Structures are given as structure tokens and as C-alpha cells.
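Residue strings, one per chain:
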Amino acid sequence: MQPKFDPKVFQLGYVALGSADLERTKDHYLKTIGMTETARGDDGAVYLSIGYNQHDIILRPANQKALLHVGFQLKPHIEIPEFTKGVRELGLPVTIKSDSHPGISELVEVTGPGGNVFQFYSAAKAPAPGFSKSGVAPLRLGHVAVMSPEGEKLIKFYRDFLGFFQTDDIGALAYFLTCNREHHVVNILNVPESRIHHIAFELKDNGHHAAAADTLRAAGVKLFWGPTRHTAGHNVAAYHHDPDKVLIELYTEMDTFIPELGICEPRPWHEHFPMKPRSWGLDELSGWGAEFASNLAAG
Ligand SMILES: [Fe+2]
């Protein structure tokens, strides 16, 4: 029995990536994905917005690709001192930072299980630089998937401390958790490796998948997998790699979670009614039977 659904956070804010080839990677996010640069840090970091937020993706120069941190917005009633006290009681390193990111005056940085760095904040400015008229131009950043040898502890942190709900798993390997009405906001792969698996942007509609694939093709970027409909989450998803070989998912029609019922809203393409949290087989990645180009654990 999962506890009452009352998460401390309500949305994924941003993902920060280290890049060994910042200019080339930035180009992909600006020109091909269709994001806008809103700020630049003293450390050479670039802040990129889909259209409303100050930043959805941060790219920072690094020796090799890396997941630097993930930002989550706290619910309005969560007080930072109380939240910080709770993190300290877990024995996790925590720092309160002022003006470390443009548009965020105060954030709480936590080094979670497996060295996964989180940033929690209450308020962020939204300068709304506008949605791009070119490139893929997604609607929003939807979820992030990470691989971690400390997966079990990481899931426990998300579920027991942050209050996420576990909606599904695949083969007791990939775990799907949510803090809002989307089927998943994070996806944790409990595997020996520690790195990012993919980041996911939501597209306008299914027709946009074809337009996005044409945009990628014009930029010389091939699809890695899809579009196909997943089982867990039932999102129609297409994957490609950014220049750092970070996997990017573009998706539509993600399942809508109803926390009060502990099920997802029924859809004609569901295999089970009601669609309760379940464990899917490793051979059930695609509802349409499209073959995955590599195994899940290897990304
Ligand atoms: Fe995904």
C-alpha cells in the first residue's frame, strides 16, 4: 500500500547537463530543438528556455557528458527551513544557495543517493522569451530518467521523503514515479551504471512527431527508436541522441494519473482496466511491438 499522495514538489523545473562540446550541443538545443538562450553564467553555463521558464535546460562546459543536477519546484506551503531540516535528518549533504541561478533567488541543493544532485526552490522567474517558430519547438520538459547503482535508495528518497507515487515498473529494473498528474516525472533505472538515461520533452500532438522527425532529419539527426507507444505511461515516444549522446525523448499522450483513485485515466489503448500500477515485462517496452534499438539497461 503506497502512502497518501502528498508530494513536497509539484513539477520538474530543469535539468543541468555537463557537455564536452558545449557549442555543438548548444546548437542542437537552440536550432534543432528550438530553445532560446536566456542567460549565461560566469562558469560558461548557458541557460536555455523552451518558451516560458527562465530555463528548462542548463548546459555547462565539462570534460565529459554528465548529469549535473535536477531542479524541482516545491509546493507553495513547503517552507525551506523545515524542508532543509528534513533533508538533514536523512543524513544527506544540503546547502542553501542564494542567486546561484538566474531567476531563482534561493534554492536548496541536496546530494541524494548515488551522488544525484537535486535543487529545490519555491519560486522562479518566468521571463517568457517566447516559443520558437522553428526547430522541434516542444511544449515543455516532461521527465528525466536516470541510471543509478543506488536506485533503490534513490527511489526511497523520491517516494518516502519527497512523496512521489510509484505508477509502474518495467522488469523490476526501471521505476516510474510521479509528483503530479503525469504518469511519470522521473524514471529510475536500478542498474550498476550511474548516468543520465534520457530527458523527455512533450510535443503538441501526434502529428508533431512526423514534423519533429523531419526537423531532426534536416539537421542530420537520425531517430534512435520510435515513434512507438510505450506500455508504462502509454506515451507515444521517439528518441534521438544529442551531440553528447544524451538520449532525448519526444513524446505525446502520456497517461494521466488520478491520485485519488490510484489509477490512470482509462484510454482506448490501455491493456488493462482500470490501469493500476503494475510491473511490465522487459519484453513489453512497446505496445506496438516496435523493436528497441538497444537494451534498456545500456541506454
Ligand atoms: Fe521517458
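Calculation rules
- All chains use their own residue numbering, which begins from 1 and follows the written sequence.
- Per-residue local features are limited, in this predicted model, to residues with pLDDT of at least 70; the limit for side-chain atom pairs, both in listing and counting, is 80 or more; totals at the level of whole chains, interfaces and linings are taken over all residues.
- Where side-chain values are given, they derive from all heavy atoms of the structure, hydrogens and water being excluded.
- Ligating atoms shown are N, O and S within 2.8 Å of the metal, or 3.2 Å for Na, K and Ca, and water is not included, meaning a site may look less than complete.
- Exposed residues in this analysis have more than 50% of their type's maximum accessible area, buried residues have under 20%, and partly exposed residues fall in between, with area computed by a 1.4 Å probe over protein chains only.
- Salt bridge, as applied in this entry: a Lys or Arg side-chain nitrogen positioned within 4 Å of an Asp or Glu carboxyl oxygen.
- In DSSP terms, a helix is any run of H or I states spanning at least four residues, a strand is any run of E spanning at least two, and both are numbered starting from the N terminus.
- The arc in question is the one spanned by the directions pointing from the helix axis to the C-beta atoms.
- Working rule for contacts: check all heavy atoms of both residues, and any pair within 4.5 Å makes them a contact.

Draft legend 1. Examining the coordination of the iron ion more closely. Coordination of the iron ion by the protein involves His143 (NE2), His198 (NE2) and Glu249 (OE), with metal-donor separations of 1.9 to 2.1 Å. By relative accessible area, which is 1% here, Glu249 ends up buried.

Draft legend 2. Structural context of the pattern of salt bridges. Tallying each qualifying case throughout the model produces 17 salt bridges. Asp43 is paired through a salt bridge with Arg60; the nearest N and O atoms lie 2.9 Å apart. Of the two residues, Asp43 sits in the loop between strand E2 (36-40) and strand E3 (46-49) while Arg60 sits in strand E4 (residues 57-61), which places them 17 residues apart along the sequence. With a relative accessible area of 26%, Arg60 lands in the partly exposed category. When the shortest N-O distance is used, the salt bridge between Arg267 and Glu265 registers 3.0 Å. Exposure remark for Glu265: the relative accessible area of 24% places this residue in the partly exposed category. What emerges from the salt-bridge pattern is a single network uniting Glu23, Lys26, Glu37 and Arg40.

Draft legend 3. Representation of helix H1 (residues 22-32) in the model. Those residues of H1 that fall on the buried side of the exposure criterion are Leu22, Thr25, Lys26, His28, Tyr29 and Thr32. Just beyond H1, the residue with positive phi is Gly34, at close to 90 degrees.

Draft legend 4. Main features of helix H2 (residues 80-89). For H2, every residue scored as buried is listed here: Ile80, Phe83, Thr84, Gly86 and Val87. The buried side chains of H2 occupy one side of the element, clustering within an arc of 155 degrees when seen end-on. Structural note: H2 exposes Pro81, Glu82, Arg88 and Glu89 on the side pointing more than 90 degrees away from its buried face. Here the buried face of H2 lies against strand E5 (66-74), strand E6 (94-101), strand E7 (104-111), strand E8 (117-121) and helix H3 (151-161). One or two positions beyond H2, positive phi appears at Gly91, with a value near 80 degrees.

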